[in-house]
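Spelled out, the chains give:
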Amino acid sequence: MTDSRRPVKPSVPAGSSGPLAGAIAPQAYARWRATTLGAVTEALEQRVMIDLAGPVEGMRVLDLGCGDGPLTAALRERGGRAVGIDIDRSMLRAATARSGGRAGEPAQFVHGRIDRLPFPAGVFDVVVATTVFCFVSDPAAAVREAARVLRSGGRLVIGDLGRWSTWAARRRVRGWLGSRLWRTAHFWTAAELSALVERGGLSVRTVRGSVYYPPVGLLARALAPLDRWLGPLATVGAAFIAIAAIKKDTVSGR
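Residues numbered from 1 in each chain as written. Predicted model: local features only at pLDDT ≥ 70, side-chain atom pairs only at ≥ 80, totals over all residues. Heavy atoms only, no water.

### A few points about the packing of aromatic side chains
Here comes step 1: Under the criterion given, the structure shown has five aromatic pairs.
Here comes step 2: Put simply, the rings of Trp32, Trp167 and Tyr213 pair up and form one aromatic cluster.
Here comes step 3: One residue, Arg172, lies across the ring of Phe187, its end atom 5.5 Å from the ring centre. (Phe/Tyr/Trp six-rings, centres within 6.5 Å; stacked < 30°, edge-to-face > 60°. Lys NZ or Arg CZ within 6 Å of the ring centre and 35° of its normal.)

### Notes on the nonpolar core
Here comes step 1: Among the nonpolar cores identified, the biggest contains 40 residues, and Leu62, Leu64, Phe119, Val127 and Phe133 are the most heavily contacted of them.
Here comes step 2: Top contributing element to this core by residue count: helix α5 (residues 139–149), with five residues. (Core = buried A, V, L, I, M, F, W, Y, C linked by side-chain atoms within 4.5 Å. Buried < 20%, exposed > 50% of the residue type's maximum accessible area, 1.4 Å probe, protein only. Helix = DSSP H or I, 4+ residues; strand = E, 2+ residues; numbered from the N terminus.)

### Looking at the pattern of salt bridges
Side-chain pairing between opposite charges can occur once the charged atoms of the two side chains come close.
Here comes step 1: Counted under the stated rule, the structure contains seven salt bridges.
Here comes step 2: The partner of Glu42 in a salt bridge is Arg33, with the nearest N and O atoms 2.6 Å apart.
Here comes step 3: A residue is classified by how much of its surface remains accessible, and Glu42, at 18% relative accessible area, is buried.
Here comes step 4: The residue Arg33 makes a salt bridge to Asp68 at a minimum N-O spacing of 2.8 Å. (Salt bridge = Lys/Arg side-chain N within 4 Å of Asp/Glu carboxyl O.)

### Considering unusual backbone geometry
Here comes step 1: A positive phi is found at Thr131, a non-glycine position, where the angle reads about 50°.
Here comes step 2: With respect to the secondary-structure elements, Thr131 resides in the loop between β4 (124–130) and α5.
Here comes step 3: On the basis of relative accessible area, Thr131 is assigned to the partly exposed category, the value being 24%.
Here comes step 4: Backbone geometry at Val211 places phi at a positive 65°, although glycine is not the residue there.
Here comes step 5: Relative to the helices and strands, Val211 is located in the loop between β6 (202–210) and α9 (217–223).

### A short note on the environment of Leu156
Here comes step 1: The topology assignment puts Leu156 in strand β5 (residues 150–161).
Here comes step 2: For Leu156, a relative accessible area of 1% translates into the label buried.
Here comes step 3: Along the backbone, Leu156 and Ala146 are 10 residues apart, and their C-alpha atoms lie at a distance of 7.5 Å.
Here comes step 4: With sequence-adjacent residues up to four places away left out, Leu156 is seen in contact with Val127, Ala146, Leu150, Val197, Leu202, Ile243, Ala244 and Ala245. (Contact = heavy atoms within 4.5 Å.)

### A few points about the confidence of the model for the chain
Should pLDDT be low for a region, the predicted coordinates there are not to be read in detail.
Here comes step 1: For the chain, the average pLDDT comes to 87, and 87% of its residues sit at 70 or higher.
Here comes step 2: Confidence over residues 1–22 falls short of pLDDT 50; this stretch has 57 contacts with residues more than four positions distant or in other chains. (pLDDT = per-residue confidence, 0-100.)

### Points about α5
Here comes step 1: For α5, a buried count of eight out of 11 residues is recorded, marking the element as mostly surrounded by other parts of the structure.
Here comes step 2: Of all the positions in α5, only Pro139, Ala141, Ala142, Val143, Glu145, Ala146, Ala147 and Val149 are classed as buried.
Here comes step 3: Lining the buried residues of α5 we find β1 (60–64), β4, β5, α8 (190–199), β6 and β7 (240–247).

### Quick notes on the side chain of Lys247
Here comes step 1: Tracing the chain through its elements places Lys247 in strand β7.
Here comes step 2: Here Lys247 occupies a buried position and makes no salt bridge, while the nearest side chain of opposite charge, Glu145, is found at 9.9 Å.
Here comes step 3: A polar contact of 2.7 Å, which involves the side chain of Lys247, links it to the backbone oxygen of Leu150.
Here comes step 4: Discounting residues that sit within four places of it in the chain, Lys247 has contacts with Ala147, Arg148, Leu150, Arg151, Ser152, Gly153, Gly154, Gly201 and Leu202. (Lys, Arg positive; Asp, Glu negative; His and termini not counted. Polar contact = N/O pair within 3.5 Å; in protein donor to acceptor, adjacent residues only side chain to side chain.)

### A look at the pairing of β4
Here comes step 1: The element β4 is largely enclosed, with a buried count of six among its seven residues.
Here comes step 2: The sheet contact formed by β4 and β5 spans six bridges and is parallel. Residue pairing across strands places Thr130 opposite Gly159, the latter belonging to β5.
Here comes step 3: Running through α5, the crossover from β4 to the neighbouring parallel element β5 is right-handed. (Pairing = 2+ DSSP bridges. Right-handed = clockwise from strand over helix to strand, strands pointing away.)

### Here we look at the pairing of β5
Here comes step 1: Pairing between β5 and β7: seven bridges, direction antiparallel. Residue pairing for β7: Asp160 is matched across the bridge by Ile241.

Quick look at the structure:
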């Protein structure tokens, strides 16, 4: 584990905004969480990410594309030395406000691109990314950057949009009807995500599915308990797919 007493500082200036910066405002996330569907879905996705991240107390944790910071905050509350990075400054302001009122050392938030991370190599113990790679133009470059800033033996956890689900079908239709956000999105299979990470020099250890219900609030509340049973068994039908991978030791290759 790296020395967690010193804060992580960017080594170069952060990059400029990408093509989807500002496409979703922080207020949209707040409205989403205020609905039954949003609250249940985000809770399930966050639980999977936290489970796969494992114990983070005293560790340096980087949240890629942190948005308004709910996962960054959750990891910090579990004792992680959390850093969030995003290309949208309005999201970073919202994330900072979320973190500021809590006891203890606040999370850090950095403006920058995940395919050009402004950090030295090997400084993080855990890197997480939630619903980010579906919107990245070069996901392979982003994975290489995530691997670069991880220490040997460090953990990468990616949670993203599953291809074979009612949610993905609905979003594809919205893209065909003109939504720029969903027209450019990529929906993943577990095999694709695993191959992406393996090509980046990491070894996949766990694959998990989540959110098997259709995008209907009443069904979300009723069917959410099934996630714990279905998640380890199948990713087909899951709107959210998460994988955990370990950075191979540069000497032993394991």
